[in-house]
Amino acid sequence: MQEPEKFSAGARISRADALELESAPLFKLARLAASRRAGGGTAGYVVNRMINYSNVCAARCKFCAYHAKAGVVPPFRLSDGEIFDLCADAVERGGVQIMLQGGLHPDFTLEWAQRLLSRVKSAFPKLWLHVFSPSEIVWFARGAGVSIAEAVRRLKAAGADSVPGAADLLVERVRGELCPGKCSVGEWREVMRALAENSMSSSATMTFGMGETFAERIEHLDVVRGTQDETGVFKAFIAWPVSPERTGIERRVERAGAVEFLRTLAVARIYLDNIEHMQSGWLTEGLKVAEVALLFGADDVGGVLMDEMVVRAAGIDNRATAENMRAAIRSAGFRPRERGGLYETLREF
Ligand code: SF4
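Calculation rules
Residues numbered from 1 in each chain as written. Predicted model: local features only at pLDDT ≥ 70, side-chain atom pairs only at ≥ 80, totals over all residues. Heavy atoms only, no water. Core = buried A, V, L, I, M, F, W, Y, C linked by side-chain atoms within 4.5 Å. Buried < 20%, exposed > 50% of the residue type's maximum accessible area, 1.4 Å probe, protein only. Contact = heavy atoms within 4.5 Å. Near = heavy atom within 4 Å. Nonpolar A, V, L, I, M, F, W, Y, C, P; charged D, E, K, R; others polar. Helix = DSSP H or I, 4+ residues; strand = E, 2+ residues; numbered from the N terminus. Expected span 1.5 Å × (residues − 1). Arc of directions from axis to C-beta. Salt bridge = Lys/Arg side-chain N within 4 Å of Asp/Glu carboxyl O.

**Student:** Could you clarify how one ought to interpret the nonpolar core in this entry?
**Tutor:** Nonpolar side chains tend to gather and get buried jointly when the protein is soluble and globular. If you look at the biggest cluster of nonpolar residues, it comprises 120 residues, and the most contacted ones within it are L100, F132 and F237. With sequence-adjacent residues up to four places away left out, F237 is seen in contact with A204, T205, M206, H220, L221, V224, A268, L272, I275, H277, M278 and Q279.

**Student:** Would you mind going over the site of the ligand with me for this structure?
**Tutor:** Every residue near the ligand is listed here: C57, A59, R60, C61, C64, Y66, H67 and K182. Per-class residue counts for the shell around the ligand are 5 nonpolar, 1 polar and 2 charged.

**Student:** Just to check I follow, could you spell out helix α5 (residues 110–123) for this structure?
**Tutor:** Owing to its 3.6 residues per turn, the α-helix brings residues three or four apart onto one side. Along its 14 residues, α5 runs 20 Å from first to last C-alpha, staying within 8% of the 20 Å computed at 1.5 Å per residue. Considered for burial, the residues of α5 that qualify are L110, W112, A113, L116, L117, V120 and K121. For α5, the angular spread of buried residues about the axis comes to 155°, placing them on one side. Away from its buried face by more than 90 degrees, α5 exposes E111 and S122. Contacts from the buried residues of α5 go to α4 (80–92), β3 (97–101), β4 (128–131), α6 (134–144) and α7 (148–158).

**Student:** Mind showing me how you'd approach the pattern of salt bridges here?
**Tutor:** Oppositely charged side chains can pair when the atoms bearing their charge come close. Scanning the model with the defined rule gives 25 salt bridges in all. For the salt bridge of E150 with R154, the shortest nitrogen-to-oxygen distance reads 2.8 Å. Of this pair, E150 and R154 both sit in helix α7, separated by 4 residues, roughly a single helical turn. Given a relative accessible area of 22%, E150 falls into the partly exposed group. For R154, a relative accessible area of 27% gives the class partly exposed. When the shortest N-O distance is used, the salt bridge between E291 and K288 registers 3.1 Å. Linking E291 with K288, this pair stays in helix α13 (residues 287–293), spanning 3 residues, or about one helical turn. Judged by relative accessible area, which is 12%, E291 ranks as buried. With a relative accessible area of 60%, K288 lands in the exposed category. Connected through shared salt-bridge partners, R173, E177, E216 and R252 make up one network.

Below, the structure written as structure tokens:
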């Protein structure tokens, strides 16, 4: 079948063009996404640790099973010493990056974050600190009575290297209904502008399958693409289906499933012509699907993520070692590439 020029030539497509992809056959999407895939014959992964430092959270998002009030994970808070020890253990086990994400709580202040980052960075200067989502940064800024730009500047000075994009869905209708306690779309963009001003990077994400329309998914992708045009901060894009089990939306939506994940990933690869890397989210879908996703435009299987808790709270317990990741990459026909926080190659296998 002949593809229309707008899709096959690799040029930017419009929102109206993207809407046509809703009914495209699965393998047509795979073909179009693969033609825009980065990485050549390789696919990347990173050895990292996710440190979820607390689940006590004022936001109480309806799609989240992790926060204490959801009643799944008892309230907890790691001490600074425990966080430090987890960083030390990650380094000892070959980890090159840590991610820090937790809840919005008055105890977690900008000053606390600065102190913690400084301590970790001075002990492990080579450890890449991919830390605090935009909602946490906005929370810190509000608590400290400073602008978002100032909060980002202080976090960078304390040792933060990059920020996980944690965007959920950048659609005000959805945010108003499901996560009004999180940052707004405007604040999310403001964080990205502040990262650009401080020469920092981020990853854009998309959590889908929360009852949104296809047009709203495209709206989300359009915010991401526009923000990237403006700031250039995104190294990668990551999409994953929400895990509705044990959450406030369990009765309203069904799990999107692997095919819907692959379709969404491919549409994102086609639409986001200005973001180089695309991760295949093994955490929710498992490594087998992540392997297939490498044929739908993804060029990175993400991180080992030792200890991740947020997705596990929804009852999904996928785990992977670096070896498992290399095997999945090889099985899809690519050469494994261990990478760092800037997606630079550390070694090829
Ligand atoms: S998704 Fe994040 S901000 Fe929302 S309730 Fe869960 S921990 Fe809090």
